[in-house]
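The primary structure of each chain is shown beneath.
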Amino acid sequence: MAKKIDKLAKAAQNTWNLKPLFVGDDDPRIERQKKQIEERSYAFINKWKKRKDYLKDPAVLARALDEYERWMRDCGTDGNPGYYFWLRSQVDRNNTELKAKYNKIEEFSKKIGNDIQFFHLRISKIPRSLQKKFLGYKGLQKYRHFLERIFAESLYLLSEPEEKIMNLKSTPSYGNWVRMTSDFLAREERTVLLENGSSSVKPLPEILTLMNCRKKNIRDTANRAFNDILKRNVDVAEIEINSILANKKIDDEIRGVPRPDLIRHLSDDIESGTVDALISAVSGRFSISREFYKLKAELMGVKQLKYHERSVEYGRVEKRYSYGEAVRLTKKVFAALDRQFADIYDGFIRNGQFDIYPRKGKGSGAFCVHHLISQPTYILLNHTNKLSDVLTLAHELGHGINNELIRERQHSLDFGTPISTAEVASTFMEDFVLREVLRRADDEQRLSIMMMKLKDDVSTIFRQIACYRFEQELHHAFREKGYLSKEEIGRLFQTHMADYMGDAVEQSEGSENWWVYWSHIRQFFYVYSYASGLLISKSLQNAVHRQPAFIGKVKDFLSAGLSDSPKNIFAILGIDISDRGFWDKGLDEIETLLQETRDLAFRLKKIRGKRT
Ligand SMILES: [Zn+2]
């Protein structure tokens, strides 16, 4: 019996403790809470829907926002029931009963969401002349940036009937085109070679995985299959991409948007000037990614890497980490950075906020999730003792620590992070943990790990920025010429890829069509955010390496949530992120790592020259 209890206690530690929400799927409090959410929500809706005074008098708006903030803190549209069933369905995916319960609560939440939407919409329609008065009002300072975000969105909004038309036509003029190409690609299959030497018909996702196989004949066959799929679909993609470029041009003209990437910047709460500085800093240092590929080609013993071979892993990372070891290692690193980081970590462990191991029915991958400011954070892992699992743990904990720091200082309407900085905390923690791993590894292992890290950094920063510039030119060229042939698009694409890859990577035949598959360019200018998050993180790492006390400023930044734009938050810390120099400091970190890697490879006699 005692043994059984022990086992249960252990199992409880390895999976989420959802008791702060509910004790089980049939907890009678679930229905009671749904009733309370309904009552709270409709009390707010019925009170403010009839009134107009809060759109004219800032003192009244302050009162309305206080009520709205409390509603968002305590329940929002779905409260504990929504969060609970979402979490439950992540770890028990085949449970149809759970799915039904979650669908019901989602429906419940949608109805309230639609009914309370008027509040946001009406605030966004406050005339420009009055907006200033509202933003300057003392009693509204707490909500200043919340209002600024709503007002900024409304800058390019049209009248209500016009917005309705825009909304209705968006599916046939944009969404369906994008879906068409991705559906066509998803239907494709080809015969490819497998790891075990046999050959078999496989769909696109598996072909993509095989393209990174260590065995050359396997990855080459996969690449031939992939290129064949793209070639077969490129004519359709040409018409698709021209249509969505046309649609975007029409939208921008109707709304009076001066540049194609502006709407993206507005919705990410980042100034165009800041993104411009980022793009110019990264593209000004493409020499780093070019040098990386040169080193990689040399290590792989070839003159030039084929386009599809540039991400094939170099060496092998053998060391295994039990979950206990992973926790000890990460905690040591966090504690050395700041005591509070380790305390937050301890709290997560004590309260059972991790779901650690893979099991049947549980989703793959990893995430860190938060919902309302009044609810606990939860982290899902699939720990299998690999180095990448240790880094994933550090990454998700970074998100978790970020949540707790925001929770401490912000109200519920500013609880969150803009997309442009969402990955700062996670990559910051990940990189510090990697440093510790490297410190403990022998030279051969260290070289493999450093090459892996550089590969990831190069794809996150240089490749994404090259893609952003490709997108900029695509929109520009389309607006100038009116139509772009697949050959023209292919040439533009290869120019930008060659720009960051340099001579050590061949722009192999067939790679001119890889834009067909790149789904992010259909979301318009999203890709910069991968680079901005990681580079802000690296710039902060650079500052902490030089001066450990700088961690205090890092915490200030991480606590700010949505209370101001990233630019203003950094300005308070004395940092100007619209200055190229800020981004250059992040890039220095990668250049240093590249130089150390090259030196190590030389010392291990893997390459001939120390410098190129
Ligand atoms: Zn992340």
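The structure contained in this document is the topic of the report that follows. (Residues numbered from 1 in each chain as written. Predicted model: local features only at pLDDT ≥ 70, side-chain atom pairs only at ≥ 80, totals over all residues. Heavy atoms only, no water.)

**Here's the deal with the overall build of the protein**
Okay, step 1: Of the regular secondary structure elements, the protein holds 23 helices and five strands.
Okay, step 2: Taken over the C-alpha trace, the protein has a radius of gyration of 26 Å; the compact-globule value for 612 residues is 25 Å, and the two agree within 12%.
Okay, step 3: Along the first, second and third principal axes, the C-alpha set of the protein runs to 75 × 75 × 50 Å.
Okay, step 4: The proportion of buried residues among the 612 residues of the protein is 53%.
Okay, step 5: When contacts within the protein are restricted to residue pairs at least 6 apart in sequence, long-range pairs at least 24 apart make up 76% of them.
Okay, step 6: Just so you have it, the protein exposes about 28700 Å², and 51% of that area is on carbon and sulfur atoms.
Okay, step 7: Taking the 101 positively charged and 86 negatively charged side chains of the protein as two groups, their mean positions are separated by 3 Å. (Helix = DSSP H or I, 4+ residues; strand = E, 2+ residues; numbered from the N terminus. Rg over C-alpha atoms; globule rule 2.2 N^0.38 Å. Buried < 20%, exposed > 50% of the residue type's maximum accessible area, 1.4 Å probe, protein only. Contact = heavy atoms within 4.5 Å. Areas by Shrake-Rupley, 256 points an atom, 1.4 Å probe, with all protein chains shown as cover. Lys, Arg positive; Asp, Glu negative; His and termini not counted. Charge placed at Lys NZ, Arg CZ, Asp CG, Glu CD.)

**Comments concerning the side chain of Glu69**
Okay, step 1: Take Glu69: it is sitting in helix 3 (residues 58–74).
Okay, step 2: Those residues in contact with Glu69, other than ones at most four positions away along the chain, are Tyr143, His411, Ser412 and Leu413.

**Thoughts on the coordination of the zinc ion**
Six octahedrally arranged donors around a metal ideally form angles of 90 or 180 degrees; four tetrahedrally arranged donors ideally form angles of 109.5 degrees.
Okay, step 1: Bound to the zinc ion on the protein side are His395 (NE2), His399 (NE2), Glu423 (OE) and Glu423 (OE), at distances that span 2.1 to 2.7 Å.
Okay, step 2: Binding-site remark: the zinc ion is held by donors from one chain whose sequence spacing is H-x3-H-x23-E. Highlighted residues: His395 in helix 16 (residues 387–409) and Glu423 in the loop between helix 16 and helix 17 (424–440), separated in sequence by 28 residues.
Okay, step 3: Overall, His395 belongs to the buried group, its relative accessible area being 16%.
Okay, step 4: With relative accessibility at 32%, the residue Glu423 sits in the partly exposed group. (Donors = N, O, S within 2.8 Å, 3.2 Å for Na, K, Ca; no water.)

**Some details on the packing of aromatic side chains**
Okay, step 1: Under the counting rule described, the total for this entry stands at 35 aromatic pairs.
Okay, step 2: Consider the rings of Tyr83 and Tyr378, whose centres lie 6.0 Å apart with planes at 50 degrees: the pair is tilted. Linking Tyr83 in helix 4 (residues 79–91) with Tyr378 in strand 5 (residues 378–380), this pair joins segments that are 295 residues apart in sequence. With respect to burial, Tyr83 and Tyr378 carry one shared label: buried.
Okay, step 3: Both rings, one in Tyr307 and one in Trp514, keep their centres 4.8 Å apart while their planes meet at 75 degrees; by these two values the pair is edge-to-face. One end of the pair, Tyr307, is in the loop between helix 13 (286–299) and helix 14 (323–337); the other, Trp514, is in the loop between helix 19 (486–501) and helix 20 (528–546), with 207 residues separating them in the sequence.
Okay, step 4: When its relative accessible area of 1% is taken as the criterion, Tyr307 is described as buried. (Phe/Tyr/Trp six-rings, centres within 6.5 Å; stacked < 30°, edge-to-face > 60°.)

**Notes on unusual backbone geometry**
Okay, step 1: At Phe524, a residue that is not glycine, the phi angle is positive and equals roughly 60 degrees.
Okay, step 2: Here Phe524 lies in the loop between helix 19 and helix 20.
Okay, step 3: Of the residues examined, Phe524 reaches a relative accessible area of 13% and is grouped as buried.
Okay, step 4: Even without being a glycine, Phe525 presents a positive backbone phi close to 60 degrees.

**Topic: the pairing of strand 2 (residues 199–203)**
Okay, step 1: In this sheet, strand 2 lies alongside strand 1 (residues 189–193) in antiparallel orientation, the contact comprising five bridges. Of the residues in strand 2, the one forming a bridge with Glu189 is Pro203.
Okay, step 2: Linkage of strand 1 to strand 2, two consecutive antiparallel strands, is achieved through a turn of five residues, within which Gly197 is found at a positive phi near 95 degrees. (Pairing = 2+ DSSP bridges.)

**Structural notes on the sheet that holds strand 3 (residues 354–355)**
Okay, step 1: Taken together, three strands build an open sheet; the order of strands is 3-5-4 and the sheet is mixed. Where the open sheet ends on each side, the last strands, each with one partner, are strand 3 and strand 4 (367–369).
Okay, step 2: As paired strands, strand 3 and strand 5 are joined by two bridges and run parallel to one another. The partner of Phe354 across the bridge, within strand 5, is Ile379.
Okay, step 3: Those strands touched by helix 16 are strand 3, strand 4 and strand 5, and its axis lies near 15 degrees from that of strand 4. (Axes fitted to C-alpha atoms, helices over the stretch in contact; angles between N-to-C directions.)

**Comments concerning the packing of helix 12 (residues 272–283) against helix 23 (residues 580–603)**
Okay, step 1: The interhelical angle for the contact between helix 12 and helix 23, taken along N-to-C directions, is 45 degrees, at an axis separation of 8 Å. By the angle class used here, helix 12 and helix 23 are oblique. In the crossing of helix 12 with helix 23, the sense of the turn from one axis to the other is right-handed. Contact residues: helix 12 offers Thr274, Ala277, Leu278, Ser280, Ala281 and Val282, while helix 23 offers Arg580, Trp583, Asp584 and Leu587.
Okay, step 2: Tallied by class, residues from the contact of helix 12 with helix 23 come to six nonpolar, two polar and two charged. (Parallel < 35°, antiparallel > 145°, perpendicular 65-115°, else oblique. Left-handed = near helix turned anticlockwise from the far one by under 90°. Nonpolar A, V, L, I, M, F, W, Y, C, P; charged D, E, K, R; others polar.)

**Some points on the packing of helix 18 (residues 443–481) against helix 20**
How two helices sit against one another is set out by the angle between their axes and by the gap between those axes.
Okay, step 1: Contact pair helix 18 / helix 20: the axes reach a minimum separation of 8 Å and the direction vectors enclose 130 degrees. What the angle tells us is that helix 18 and helix 20 run oblique. Note on packing geometry: the crossing formed by helix 18 with helix 20 is left-handed. Contacts between helix 18 and helix 20 involve Lys453, Asp457, Thr460, Ile461, Gln464, Ile465 and Tyr468 from the first element and Tyr528, Tyr530, Ala531, Leu534, Leu535 and Lys538 from the second.
Okay, step 2: Partitioned by chemical class, the residues of the contact of helix 18 with helix 20 number eight nonpolar, two polar and three charged.

**Let's talk about the nonpolar core**
Okay, step 1: Phe354, Phe462 and Trp515 are the most contacted members of the largest nonpolar core, which totals 133 residues.
Okay, step 2: With 17 residues, the top contributor of residues to this core is helix 18.
Okay, step 3: If we skip the residues at most four places from it in the chain, Phe462 touches Val282, Arg285, Phe286, Ile288, Ser289, Asp457, Tyr500, Leu587 and Ile590.
Okay, step 4: Counting residues in hydrophobic clusters, the runner-up holds 30 residues, among them Leu61, Phe108, Ile112 and Phe151. (Core = buried A, V, L, I, M, F, W, Y, C linked by side-chain atoms within 4.5 Å.)

Bear in mind that shape data such as this cannot, by itself, settle questions of function.
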